[in-house]
Amino acid sequence: MNAVKVGKNYLTVNPGSNVVQVVAPALNTSGVILSTCLISTTNGGAGVFTGTSAPSSIVDQSKPIIFSANAGSAVNTGSQLALPYPLFLPAGQGLWVAASVPSAAVALTWDVLA
């Protein structure tokens, strides 16, 4: 197995039931590489989105969801999922995270290409 380069930029966030912008589309002029991403959630879901504008919520089906995790509704059950390989986002595409529960956490690293 080859080592995966960790991105220069990083963020760990608990989005709650909100949408959090990671990379604005206007700042992505040459592409973005999402190097690593870990989603940890209990009793709900969290997702990573791309597109030219932000999703309205975790259930916005009009925006591309590129990585997600969902945990069952049983008490004390959780889910942790790691992005299996880096992803390239073309120029003009933004990056957002969203969740359906306050306990969800998303940790990611990325590089903005010049």
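Residues numbered from 1 in each chain as written. Predicted model: local features only at pLDDT ≥ 70, side-chain atom pairs only at ≥ 80, totals over all residues. Heavy atoms only, no water.

Draft legend 1. Main features of the pairing of strand 8 (residues 94-99). Most of strand 8 is tucked away: six of the six residues are buried. Burial along strand 8 is two-sided: Gly94, Trp96 and Ala98 and Leu95, Val97 and Ala99, pointing in opposite directions, are all buried. Pairing of strand 2 (residues 19-23) with strand 8, which is carried by four bridges, proceeds in the antiparallel orientation. Across the sheet, the residue bridging to Gln21 is Trp96, located in strand 8. The pairing of strand 4 (residues 45-51) with strand 8 spans six bridges and is antiparallel. Paired with Ala46 across the bridge in strand 8 is Ala99. (Buried < 20%, exposed > 50% of the residue type's maximum accessible area, 1.4 Å probe, protein only. Helix = DSSP H or I, 4+ residues; strand = E, 2+ residues; numbered from the N terminus. Pairing = 2+ DSSP bridges.)

Draft legend 2. A look at the nonpolar core. Ranked by size, the top nonpolar core spans 22 residues in total, and within it Leu34, Cys37, Ile39, Val48, Val106 and Leu108 carry the most contacts. Elements with a minimum of two residues in this core: strand 2, strand 3 (32-42), strand 4, strand 5 (65-70), strand 7 (87-89), strand 8 and strand 9 (105-112). By residue number, the principal contributor to this core is strand 3, which donates four residues. Residues in contact with Val106, not counting those within four places in the same chain, are Leu11, Thr12, Val13, Cys37, Leu38, Ile39, Ala46, Val48 and Val97. (Core = buried A, V, L, I, M, F, W, Y, C linked by side-chain atoms within 4.5 Å. Contact = heavy atoms within 4.5 Å.)

Draft legend 3. Region of interest: the environment of Thr50. With respect to the element layout, Thr50 can be found in strand 4. For Thr50, a relative accessible area of 7% translates into the label buried. Note: C-alpha distance between Thr50 and Pro64 (14 residues apart in sequence) is 5.6 Å. Within the structure, the side chain of Thr50 is placed 2.8 Å from the backbone oxygen of Gly94, a separation counted as a polar contact. (Polar contact = N/O pair within 3.5 Å; in protein donor to acceptor, adjacent residues only side chain to side chain.)

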